[in-house]
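Spelled out from the first residue to the last, the chains are:
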Amino acid sequence: MTDRYAVIGNPIQQSKSPLIHGMFAQATGQDIEYTAIEGPLDRFAGAVDAFRAAGGLGLNITAPFKLDAFAYATERSERAQLAGAVNAMKFDGERVLAENFDGVGLLRDVTHNLGCPLKGKRVLLLGAGGAARGALLPFLGQDPAELVIANRSIDKAHELAAIGARQGRVRGCAYVELVGQSFDVVFNATSASLRGELPPVPATVFAPNCLAYELAYGKGLTPFLRLASNAGVKQLADGVGMLAEQAAEAFVWWRGVRPDTRAVIDKLTVPLVWATGCTEL
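Everything quoted here is computed from the prediction, not taken from an experiment. Sequence order as written defines residue numbering, which begins from 1 separately in each chain. Residue-level local features of this predicted model are given only where pLDDT is at least 70; pairs of side-chain atoms are given and counted only at 80 or more, and the full residue set underlies all totals for whole chains, interfaces and linings. Side-chain metrics rest on all non-hydrogen atoms present in the structure, leaving aside hydrogens and water.

### Quick notes on the packing of aromatic side chains
- To pair, rings of Phe, Tyr and Trp, with the six-membered ring standing in for Trp, must have centres within 6.5 Å; the planes then decide the type, stacked if under 30 degrees apart, edge-to-face if over 60, and tilted in the middle. Within the structure shown, the criterion is met by nine aromatic pairs.
- Measuring from ring centre to ring centre gives 5.5 Å for Phe101 and Trp253, while their planes differ by 75°; the resulting arrangement is edge-to-face. Here the residue Phe101 occupies a position in the loop between β6 (95-99) and α5 (102-113), and Trp253 occupies one in helix α9 (residues 240-255), the gap between them amounting to 152 residues.
- Its relative accessible area of 2% is what places Phe101 among the buried residues.
- Taking 5.7 Å as the distance between ring centres and 50° as the angle between the ring planes, the aromatic pair formed by Phe187 and Tyr213 counts as tilted. Of this pair, Phe187 sits in strand β10 (residues 183-188) while Tyr213 sits in strand β11 (residues 206-214), and the two are 26 residues apart along the sequence.
- Members of the aromatic cluster, connected to one another through ring pairs, are Tyr5, Tyr34 and Trp254.
- A ring has a charge above it when a Lys NZ or an Arg CZ is no more than 6 Å from the ring centre and no more than 35 degrees off the ring normal. Across from the ring centre of Phe70, 4.5 Å away, lies the NZ or CZ of Arg76, which sits over that ring. In this text, helices come from DSSP runs of H or I with a minimum length of four residues, and strands from runs of E with a minimum of two, each type numbered from the N-terminal end. Buried, partly exposed and exposed residues are distinguished by accessible area as a fraction of the type maximum, computed with a 1.4 Å probe on protein chains only: under 20%, between the cut-offs, and over 50%, respectively.

In structure tokens form, the structure reads like this:
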């Protein structure tokens, strides 16, 4: 019997998840049906209840329902607890198990696909929202020389750094404190690029041979990646690999088999050239 999975969001037409999981299923020989659900903004729980009643086994969750999914779950992983948000659920009778694979998917893209281990590196994480929270423990687990979290609200940066203090060297700061510092890997986890804006980060943060990574993915260079390119950075990446890898984490969690992500990444990758828009994960 075909097993049912889906992604839920609003709007949902732009989601690449049905394509991705369809490719994964074909490559691994899994008999699944994966669809997209446009959930009513004020009736998330009802939409999930209906999906479960119809035999659904698992869901990916995208905007704006990641907090609703956190509240709906009966059991949450440490990653989901830290992020305060959920991007995947699976159903086991009355149990609703919840995960957040964004951070681990990002880490796998950087270390496995891009060949950039974080051990011993100076890492800068721009932003202190849900994406940054999801990345905190996976990053620190790689033993970087230092992880610096910069945010417009310095209190939020310090709060997030305090959460990770037992796991490794991490500190929070304001953007102005970045002047005169340089880093081996710089991640943009802010929403600035989605508005066509640039976080207030100096171009000097990019060390020679730096990797500049934009968590958004879409049509070419975001303002952040353009800043890095103009600063001489040769290794630029957007979040398409993270998108594929977090989907693969959900797939193996549901099905017990890990799909190869290369074909998906190749299919979804677009050239990093200047454009006016990008797409949120």
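### Considering the state of the cysteines
- Counting rule for disulfides: a pair of cysteine sulfur atoms within 2.5 Å. Enumeration according to the criterion identifies zero disulfides in this entry.
- The structure places no disulfide on Cys173, whose sulfur is separated from the nearest cysteine sulfur, that of Cys210, by 15 Å.
- Among the residues examined, Cys173 registers a relative accessible area of 0% and is labelled buried.
- Summary of cysteine pairing: Cys210 is not part of a disulfide, and the nearest cysteine sulfur, belonging to Cys116, is at 8.3 Å.

### Topic: unusual backbone geometry
- The omega torsion of the bond from Asn10 to Pro11 falls at 0°, within 30 degrees of zero and hence cis.
- Considering the arrangement of structural elements, one finds Pro11 in the loop between β1 (3-9) and α1 (17-28).
- Along the chain, Ala63 connects to Pro64 via a cis peptide bond; the corresponding omega equals 5°.
- Turning to its location among the elements, Pro64 is positioned in the loop between β3 (56-61) and α3 (66-72).

### Concerning the sheet that holds β3
- Reading across the sheet, the six strands line up as β2-β1-β3-β5-β6-β4 and stay open at both edges, with mixed pairing between neighbours. A single partner strand is all that each edge strand has here, and the edge strands are β2 (32-38) and β4 (75-76).
- Note on pairing: DSSP must find at least two bridges between two strands before they are called paired. Strand direction decides the pairing type here: β1 and β3, joined by five bridges, are parallel. Across the sheet, residue Val7 finds its bridge partner in β3, namely Asn60.
- In this description, contact between two residues means that some pair of their heavy atoms is separated by no more than 4.5 Å. The angle between two axes is taken between their N-to-C directions and runs from 0 to 180 degrees, where each axis is a line fitted to C-alpha atoms and a helix contributes only its stretch in contact. Here α1 sits on the sheet in contact with β1, β2 and β3, set at roughly 175° to β2.
- Sitting on the sheet, α9 is in contact with β1, β2, β3, β5 (88-92) and β6, with an inclination near 5° to β5.

Treat this as a map of the structure, not an account of what it does.
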